[in-house]
Each structure stands twice: as structure tokens, then as C-alpha cells.
Amino acid sequence: MTILVTGATGNVGRSVITQLLEAGASVRATSRNPRSADLSVDVRAADLEKPESFGEALEDVEKVFLFPNPAGAHGFAELAKAKGVKHIVVLSSQAAAHESYGDSPVRTMHLAVEAAVERSGIDWTFLRPGGFATNTLAWAHTIKQEGLVRLPFPDANVNSIHEADIAAVAVKALLEDGHVGAAYELTGPESIPERRQVELIGAAIGREIKLVELGVAEAKAQWAAHFGDFADEKLLDSMVQMYEQATARPADLTTVVQDLLGRPARTFAEWATDHKTDFTA
Ligand SMILES: NC(=O)c1ccc[n+]([C@@H]2O[C@H](COP(=O)([O-])OP(=O)(O)OC[C@H]3O[C@@H](n4cnc5c(N)ncnc54)[C@H](OP(=O)(O)O)[C@@H]3O)[C@@H](O)[C@H]2O)c1
């Protein structure tokens, strides 16, 4: 049985591949740039914006770990069905689980991908993680260069999840029976404010990190620079709204990682220790 991992060069996909190989699975990966993918498996060129590019990569594939791309999801799912794929595990988002996200782009794009897979008739499992701990890698540059982090909403509460925990659940859903039709809302084990995350990164690297508070307009400009063309005014406003809500109350937590894996989800302190070279090297 061959399992195809898309988004294989990403934080989650890379860990999915590592853990599938550890479990002895037969793995194929895709990347838009296979030559620079740096993966120790068969990597094929394919682009989810052009689903037809997956023709070769999907040959003899039984299961897929799908990176969410709303533009290509329908075409991909139809092609996967035609090629005989039996099960797709979708990397979705906690936003897909909560109507409170309204019509925010983060909710609508993940729901679109889920719907495309569901419509294809292929068995599915949806992984709906909360905020990734890897989001804090965006702070690495200023931590290394200036010893500080600039934050607009330092008291915003997050439920950051370790990418290896999302991947562990994906691997379980891919290799074990009993996960078809499940939508798993995955979070880290704790609700903590971003200012605490800054402290925990400081503790991991043995260096005090200064926190500089940004105004909302400065924050929008920073996000716009980070997200590029993707960041229209609607997305930026929805991000402000999400941060305001996150400041007003604790982050939503689930025990799904522990329930499925039989051990606690990794804490942010563990993540920071695992990633300390990202903030120093
Ligand atoms: N950050 C969060 O807090 C959060 C929370 C919930 C859900 N999510 C979801 O998780 C995703 C990020 O996952 P990640 O951190 O593992 O990824 P990542 O590290 O940001 O890497 C992006 C991956 O997406 C692949 N990719 C991008 N565009 C593609 C395309 N057109 N066709 C095929 N592959 C494409 C890239 O592959 P190549 O460059 O090799 O082609 C790469 O492997 C988000 O986009 C979001 O949908 C994120």
C-alpha cells in the first residue's frame, strides 16, 4: 500500500513522512520543487493549483495526506477517485469546526477543501488543528537579530500544537482502521498568552527576550508583508477580530491528541526546546 503525502516539505507533512517511515509504511511525496525537497522518499513534482499534475504521483496510491488548497481541492479529489484512492486524511483547521469564525477566509477555505473531498465519495478523516506552535517561528528573525519580539496582542491566548502531534494523529488515521468520517479538533494541552510563549522560547535558548507592543495598524502592515498577495483587507480585519477574541478569553482546548495517542499533547515548552536552534543558529 502506497501512501501519498502532499505538502510534504511543510512542517506537518515532513513529520508525517518521518513517522510513516518509522512505522514501516511505503511513502511517496509531492512537492512543486522536488529537487530541493530534501526528503528521503520518492518525491514527484505536482502542484495543487494544477490538480492534473498529480496523474503520475497518484498511480497505485491507496491513501493520501492532503495539504489544504481550495483552488485545487475539487480537481484533486476527482482525480484521486478516478485513480482508486480509498482514504484521504485532510489537514484542515479548527476554524472549520466553529461557526464563530463566521465567513473568515481561514474557515471558508478549509471548509471548501473538506467539502470537495467529501463530495468525491472517497473515505475521509479531517484533522482540524488550532494554532501551530510553528507560527512563532515568525519571531525567529528579530529574536536572533535584536533579542526582541514585536507583538500587537501579547495577551492573546493560544492553544499551540506541536506539528509532530498533528502528524502523529495523521499517521494513526492513515495506518489504523476506525478513523473514517471523523473530524478531529486538535489542540495543544494548554491555553497560554503569546507573551508567555516569548518567555518560554527565552528559557529554551537561555536568553531573555524583550517584548515590544505594536499598534493594530502596524500589525496589519506586518501581516500584509508576511502574507503578500493573499492578505486583502478582509483577511487582515478577520485576523484583528480573531486576536481580540483570543485576548478576551482562554483558547479552546480539546483532549483529542491524548485520547487518540494515549499520551499528553506536547507543551509549548517542549516545542521551544525541540526548536531552539531555529531561534539561535
Ligand atoms: N499555522 C496555523 O496555525 C494553522 C492552523 C490550522 C491549520 N493550518 C493549515 O496548515 C497549513 C500549513 O501547514 P504546514 O505548516 O505544514 O505547511 P508549511 O510549512 O507552511 O509549508 C507549506 C507546504 O505547502 C505546500 N504547498 C503550498 N502550495 C502548494 C501547491 N500549490 N501545491 C502543492 N503544495 C503546495 C508546500 O509544498 P512545496 O513548496 O514543496 O510545493 C509546503 O510543503 C496552512 O496553510 C493551513 O491550511 C495552519
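Each chain has its residues counted from 1, running along the sequence as written. Only residues with pLDDT of 70 or above have their local features reported here, since the model is predicted, and side-chain atom pairs are shown and tallied only from 80 upward, although totals for entire chains, interfaces and linings are computed over all residues. The side-chain numbers reported here are obtained from all heavy atoms of the structure, hydrogens and water having been left aside.

1. A few points about the overall build of the protein chain
Part 1 of the reasoning: Put simply, DSSP H or I for four residues or longer makes a helix, DSSP E for two residues or longer makes a strand, and each gets a number counted from the N terminus. Helix and strand counts for the protein chain come out as 10 helices and 11 strands.
Part 2 of the reasoning: With the C-alpha coordinates of the protein chain rotated into their principal frame, the extents come out at 55 × 40 × 35 Å.
Part 3 of the reasoning: Of all 281 residues assigned to the protein chain, the portion counted as buried reaches 51%.
Part 4 of the reasoning: We call two residues in contact when some of their heavy atoms are within 4.5 Å. For the protein chain, the share of sequence-separated contacts (at least 6 apart) that also reach a separation of at least 24 residues comes to 73%.
Part 5 of the reasoning: Surface summary for the protein chain: the accessible area is close to 13000 Å², and the carbon and sulfur share equals 48%.
Part 6 of the reasoning: Neither His nor the chain ends contribute to the count of charged residues, in which Lys and Arg are positive and Asp and Glu negative. Here the site of a charge means NZ on Lys, CZ on Arg, CG on Asp, or CD on Glu. For the protein chain, the centre of its 26 positive side-chain charges and the centre of its 39 negative side-chain charges are spaced 3 Å apart. Each residue gets one of three labels from its accessible area relative to the maximum for its type: buried under 20%, exposed over 50%, partly exposed in between, using a 1.4 Å probe on protein chains only. For every accessible area listed, the method is Shrake-Rupley and the probe measures 1.4 Å; residues are considered covered only by the protein chains on display.

2. Quick notes on the site of the ligand
Part 1 of the reasoning: Nearness here has a simple test: a residue counts as near a molecule or strand if at least one of its heavy atoms is within 4 Å of that partner. Of all residues adjacent to the ligand, which total 24 residues, the nearest are Thr9, Ser31, Arg32, Leu48 and His110.
Part 2 of the reasoning: At 2.7 Å from an oxygen atom of the ligand is found a main-chain nitrogen or oxygen belonging to arginine 32.
Part 3 of the reasoning: Protein chains shield 77% of the accessible area of the ligand, which is 930 Å² for the free molecule.
Part 4 of the reasoning: Looking at the shell around the ligand, the elements that each hand over two or more residues are α1 (11-22) and α3 (105-120). Definition of a polar contact: a pair of N or O atoms within 3.5 Å, with one able to donate and the other able to accept a hydrogen when the atoms are protein atoms, and with sequence-neighbouring residues admitted only if both atoms are side-chain atoms.

3. Re the pattern of salt bridges
Side-chain pairing between opposite charges can occur once the charged atoms of the two side chains come close.
Part 1 of the reasoning: Here, a salt bridge means any side-chain nitrogen of Lys or Arg that lies within 4 Å of a carboxyl oxygen of Asp or Glu. The full count for this structure, using the stated rule, is 17 salt bridges.
Part 2 of the reasoning: Put simply, aspartate 42 and arginine 28 hold a salt bridge, and the shortest N to O gap is 3.5 Å. Within this pair, whereas aspartate 42 is found in strand β3 (residues 42-45), its partner arginine 28 is found in strand β2 (residues 26-31), the two being separated by 14 residues in sequence.

4. Focus on α3
Part 1 of the reasoning: To estimate how far a helix should extend, the number of its residues minus one is multiplied by 1.5 Å. Counted at 1.5 Å a residue, the expected span for α3 with its 16 residues is 22 Å, and the 23 Å between its end C-alpha atoms agrees.
Part 2 of the reasoning: Along α3, the residues that are buried comprise Pro105, Arg107, Met109, His110, Val113, Glu114, Ala116, Val117 and Ser120.
Part 3 of the reasoning: Remark: glycine 121 follows α3 within two positions and exhibits a positive phi of approximately 90°.

5. Here we look at unusual backbone geometry
Part 1 of the reasoning: With phi around 55°, aspartate 38 is a residue other than glycine that occupies positive phi space.
Part 2 of the reasoning: Position of aspartate 38 among the secondary structure elements: in the loop between β2 and β3.
Part 3 of the reasoning: Here aspartate 38 falls in the exposed class, since its relative accessible area comes to 67%.
Part 4 of the reasoning: A positive phi angle is found at aspartate 60, which is not glycine, with a value near 60°.
Part 5 of the reasoning: For aspartate 60, the location among the structural elements is in the loop between β3 and β4 (61-66).

6. What to know about the UniProt feature "domain: NAD(P)-binding" (unreviewed entry) in the protein chain
Part 1 of the reasoning: UniProt positions are given in the numbering used here, feature names are shortened, and annotations may be inferred rather than shown by experiment. Following the UniProt record, the feature "domain: NAD(P)-binding" (unreviewed entry) maps to residues 7-176 here.
Part 2 of the reasoning: Structurally, residues 7-176 comprises 36% helix and 20% strand, and the distance from its first C-alpha atom to its last is 21 Å.

7. Side note on helix α5 (residues 163-175)
Part 1 of the reasoning: Between its terminal C-alpha atoms α5 stretches 18 Å, which fits the 18 Å expected from 13 residues at 1.5 Å a residue.
Part 2 of the reasoning: Taken as a whole, α5 has its buried residues at Glu163, Ala164, Asp165, Ile166, Ala167, Ala168, Val169, Ala170, Val171, Ala173 and Leu174.

8. Section: the environment of leucine 186
Part 1 of the reasoning: Within the secondary structure, leucine 186 sits in strand β9 (residues 183-186).
Part 2 of the reasoning: For leucine 186 and glutamine 258, which are 72 residues apart along the polypeptide, the C-alpha to C-alpha distance reads 9.6 Å.
Part 3 of the reasoning: Those residues within four positions of leucine 186 in sequence are excluded, and the remaining contacts are Leu127, Arg128, Pro129, Gly130, Ile161, Ile166, Val169, Thr254, Val256 and Val257.

9. Section: the packing of α1 against α5
Part 1 of the reasoning: Note on definitions: angles span 0 to 180 degrees between N-to-C directions of axes, and those axes are lines fitted to C-alpha atoms, for helices only across the stretch in contact. Their axes nearest at 8 Å, the elements α1 and α5 cross at an angle of 50°. Classified by the interaxial angle, the pair formed by α1 and α5 is oblique. As α1 packs across α5, the resulting crossing turns out to be right-handed. In this structure, α1 contributes Asn11, Val12, Ser15, Val16, Gln19 and Leu20 to the contact, and α5 contributes Glu163, Ala164, Ile166, Ala167, Ala168, Ala170, Val171, Leu174 and Leu175.
Part 2 of the reasoning: Under the grouping applied here, Gly and all other residues not named as nonpolar or charged are polar, the nonpolar ones being Ala, Val, Leu, Ile, Met, Phe, Trp, Tyr, Cys and Pro and the charged ones Asp, Glu, Lys and Arg. Its residues assigned to classes, the contact of α1 with α5 comprises 11 nonpolar, three polar and one charged. Roughly parallel refers to an angle under 35 degrees, roughly antiparallel to one over 145, roughly perpendicular to one between 65 and 115, and oblique to any angle outside these ranges. When the near helix sits turned anticlockwise from the far one by under a right angle, the crossing is termed left-handed; a clockwise turn instead gives a right-handed crossing.

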